[in-house]
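Residue-level structural notes
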Amino acid sequence: MKLWQKGAPNIDELFERFTIGKDPELDMEIAAYDVIATKAHVEMLASISLLSDAETKLLVAGLDEIYESVLQKKFVIEEGIEDCHSQIELLLTRKLGEVGKKVHSGRSRNDQVLVALKLYAKAELEKIAFQVRLLFELLQRKSDANKNVLMPGYTHMQVAMPSSFGLWFGAYAESLIDDLILLKAAYQIADKNPLGSAAGYGSSFPLDREKTTRDLGFRTPNYNVIYAQMTRGKMEKACATAISSLAATLAKFSMDVCTYAGQDFGFFKLDPKFTTGSSIMPHKQNPDGFELVRAKCNQLQSLPTELQLILTNLNTGYHRDLQILKESLVKGFQTMLDCLAVMQVMVGGLKVSDDLIEQNKYDLLFTVEEVNKRVLKGIPFRDAYKEVGALVNSGKYVAEREVSHSHLGSIGNLATEQIKAAFDLEFEAFER
Ligand code: ARG
């Protein structure tokens, strides 16, 4: 019997399975947060005298027990029960009888799922931000350790100018700062309490929304009850946008490694622990880990579009369509956390080649340096540019490989301290 069934005939089995969908599995992610929010709701109902002290005590103890069972992975959504919200209320009613039936005053599953999803999103965004910090610190260490190791810089896939591995690792560290800004924005959007908006039109009970906001650790309520319901989807999209930005950073990094670890470039040596072999070619040490991060992170970049398309023609108010958003959100968080974990061990094992620049094919990296030397002697840049260009065309250009170049100009300036300070500034939002 469903929460909403009023003795009407049983519903069609196929239809029931279709509408319940993946909720029994996905709701395991949010069940603990639903219990936490239900407890806050119960305590608030007590504070406005809708529950007695004795009833409140019983309900809180019942909810604590359910919370434990969720943590111990013993909580299951039974056959035919729609979602975690229904299951939790069912367990309370089974245990406490009449009292259990009182928790739903002034509440709808619409604000229940919203508040649970926001608490879930906040916790997942925090996990991601902490993993991003670990990756950031690793990249900064690698950047510092390789600041003097020259790396050929390319534009259009053509040899361009000298760069350094320090600069390359540092670029990805700095990229994570901008991803963190989006994670922070998603966090701030999730950090508003929808509880008390009920079905999306509030309640005639004097619900104390400020109290549940404080007790659940939200920054503010979603004040307008209709808007509170509108945040279903909007909040997920903010998370997906942040995940997508971070995914683009990881995918690009992986693409660089896959390209540059190949024999044609030979910039990186992969730690054999993080390679796979071939069943026929005995020499193979393939970068499958980076390839899978690349594929998964490229796929994650479709999440905002996926959510947008689900939401695009929905008008004000709850629609069952919104249930589907959970699939994208949970997948987004889980896949991103997997990728961040594996990236850290793989990047840790990455070794760079320190003698690349000696190869003849990299002579051309130093043409701009040659031009600049002439400029310093007083020759106008455009004339010096033409002189060196003519030398290259005639085959008479001889490169002077000045390794000291790495200490000069922009490639020698890693700004490690400033980058760290900028990261820490954005990270503060997650350290409350
Ligand atoms: N499982 C539902 C969801 O994720 C919970 C809300 C159900 N509300 C309703 N009015 N049918 O959206």
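Residues numbered from 1 in each chain as written. Predicted model: local features only at pLDDT ≥ 70, side-chain atom pairs only at ≥ 80, totals over all residues. Heavy atoms only, no water.

Okay, the site of the ligand next. In the region of the ligand, the neighbouring residues are Asp23, Asp83, Arg109, Asn110, Val113, Arg232, Tyr318, Gln323 and Lys326. In this structure, an oxygen atom belonging to the ligand sits 2.9 Å away from a side-chain N or O atom of Arg232. Note that a nitrogen atom of the ligand is positioned 3.0 Å from one of the side-chain N or O atoms of Gln323. In terms of residue class, the shell around the ligand is built from two nonpolar, two polar and five charged. (Near = heavy atom within 4 Å. Polar contact = N/O pair within 3.5 Å; in protein donor to acceptor, adjacent residues only side chain to side chain. Nonpolar A, V, L, I, M, F, W, Y, C, P; charged D, E, K, R; others polar.)

A separate point is the environment of Leu365. Inspection of the secondary structure puts Leu365 in the loop between strand S6 (351–352) and helix H13 (367–376). On the basis of relative accessibility, which here comes to 0%, the residue Leu365 falls in the buried class. (Helix = DSSP H or I, 4+ residues; strand = E, 2+ residues; numbered from the N terminus. Buried < 20%, exposed > 50% of the residue type's maximum accessible area, 1.4 Å probe, protein only.)

In this section: the packing of helix H6 (residues 109–145) against helix H9 (residues 225–260). For the pair H6 and H9, interaxial distance at closest approach is 11 Å and the crossing angle is 20°. Relative to H9, H6 is oriented roughly parallel. Crossing of H6 over H9 shows left-handed handedness. Listed contacts from H9 to Asn110, Val113, Leu114, Leu117, Lys118, Ala121, Leu125, Ile128, Val132, Leu135 and Leu139 of H6 are Ala228, Gln229, Thr231, Arg232, Met235, Glu236, Cys239, Leu246, Leu250 and Phe253. (Axes fitted to C-alpha atoms, helices over the stretch in contact; angles between N-to-C directions. Parallel < 35°, antiparallel > 145°, perpendicular 65-115°, else oblique. Left-handed = near helix turned anticlockwise from the far one by under 90°. Contact = heavy atoms within 4.5 Å.)

On to the pattern of salt bridges. For the coordinates displayed, the defined rule picks out 24 salt bridges. We note a salt bridge from Glu65 to Lys95, for which the minimum N-O separation is 3.1 Å. Placement of Glu65 in helix H4 (residues 53–71) and of Lys95 in helix H5 (residues 84–96) is noted, with a sequence separation of 30 residues between them. The exposure class assigned to Lys95 is partly exposed, which follows from its relative accessible area of 48%. A salt bridge links Lys273 to Asp271; its shortest N-O distance comes to 3.8 Å. Here the residues in one salt-bridge network are Glu370, Lys373, Arg374, Glu387 and Glu400, joined through shared partners. (Salt bridge = Lys/Arg side-chain N within 4 Å of Asp/Glu carboxyl O.)

That's the geometry; what it means functionally is another story.
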